[in-house]
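Okay, here's what each chain looks like letter by letter:
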Amino acid sequence: MTRVFENKSDLLGAVGEMLGSSEWVEVTREMVHQFADATGDHQWIHVDDERARRESPFGGPIAHGYLTLSLLPLLSKSVYRIDGAKMVINYGSDKVRFPSPVPVGAKVRNTAVLSAIEELPNGSLQSQITNTVEIEGVDKPAVVAQTVARILF
């Protein structure tokens, strides 16, 4: 179920709340190749299946860490939304870690916690969401990221 915020008060009252978890999404070979093409990162552990099976300590190709991070908007849209906002923009990340690699073909999901919210002098809000991207069947997460957004009402 998607957590819906209608106004500033809703957000200000939800600090510390676990917003929910997304559905599982498969990280496909096509996604990895498209990301490699978009970023120019064609490192063999991502795009050379045979060599990755032979030489990689992961036993096969893995997704780019930044690809997994870039899935946050897709993974988060079913977890929460801010209907009362005129605009929400990414402001950055305070901390990003990649504890486990994501094998190509694995499924991932995001669990989001509203860690902090701050009212800014211009009346907008700044939110911090702690995102934990899990890999199905793996104990350690793929990504833990504290993302920051500016929300204009």
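Computed from a prediction, not measured in an experiment: that's the story for all the values here.

*Asks:* Please clarify how the overall build of the protein chain should be interpreted in this entry.
*Replies:* A count of helices and strands for the protein chain gives six helices and eight strands. Along the chain direction, N to C, the helices and strands of the protein chain fall in the order β-α-β-β-α-α-α-α-α-β-β-β-β-β. Referenced to the eigenvectors of the C-alpha coordinate spread, the extents of the protein chain come out at roughly 55 × 30 × 20 Å. A total of 153 residues make up the protein chain; the buried ones form 38% of that total. The long-range share in the protein chain, meaning contacts at least 24 apart out of those at least 6 apart in sequence, stands at 70%. Only carbon and sulfur atoms are counted for the fraction: they give 50% of the accessible area of the protein chain, which is about 8400 Å². Taken together, the 15 basic and 19 acidic charged side chains of the protein chain have centroids lying 3 Å from each other.

*Asks:* Just to check I follow, could you spell out the nonpolar core for this structure?
*Replies:* Within soluble globular proteins, side chains that are nonpolar generally end up buried alongside one another. In terms of nonpolar packing, the biggest core is built from 18 residues, with V27, L67, L71, V102, V108 and V133 touching the most fellow members. Among the elements that take part in this core, helix α2 (residues 29–39) stands out by supplying three residues, more than any other. If we ignore the near neighbours within four places in the chain, the residues touching L71 are V27, M31 and V108. Counting residues in each nonpolar core, the second largest holds 13 residues, with L11, V79, I82 and L125 among its members.

*Asks:* In this structure, what is going on with α2? I would like to understand it.
*Replies:* Every α-helical turn comprises 3.6 residues, leaving residues that sit three or four positions apart pointing alike. All of the buried residues in α2 are M31, V32, F35 and A36. Projected onto a plane normal to the axis of α2, the buried residues spread over an arc of 135° and lie on a single side. Along α2, the residues that are exposed and aim more than 90 degrees away from the buried face are E30, D37 and A38. G40 occupies a position one or two residues after α2 and carries a positive phi of about 80°.

*Asks:* What am I meant to see in the pattern of salt bridges here?
*Replies:* Side chains that differ in charge, positive against negative, can pair when their charged atoms come close. Enumeration according to the criterion identifies eight salt bridges in this entry. With a shortest N-O distance of 2.9 Å, R53 and E50 are connected by a salt bridge. Of the two residues, R53 and E50 both sit in helix α4 (residues 49–55), three residues apart, roughly one turn of that helix. We classify R53 as partly exposed; its relative accessible area is 46%. Overall, the relative accessible area of 48% leaves E50 in the partly exposed class. Between E55 and R54 there is a salt bridge, with its nearest N and O atoms 3.5 Å apart. A relative accessible area of 60% means that R54 is categorised as exposed.

Rules behind the numbers
- Residues numbered from 1 in each chain as written.
- Predicted model: local features only at pLDDT ≥ 70, side-chain atom pairs only at ≥ 80, totals over all residues.
- Heavy atoms only, no water.
- Helix = DSSP H or I, 4+ residues; strand = E, 2+ residues; numbered from the N terminus.
- Buried < 20%, exposed > 50% of the residue type's maximum accessible area, 1.4 Å probe, protein only.
- Contact = heavy atoms within 4.5 Å.
- Areas by Shrake-Rupley, 256 points an atom, 1.4 Å probe, with all protein chains shown as cover.
- Lys, Arg positive; Asp, Glu negative; His and termini not counted.
- Charge placed at Lys NZ, Arg CZ, Asp CG, Glu CD.
- Core = buried A, V, L, I, M, F, W, Y, C linked by side-chain atoms within 4.5 Å.
- Arc of directions from axis to C-beta.
- Salt bridge = Lys/Arg side-chain N within 4 Å of Asp/Glu carboxyl O.

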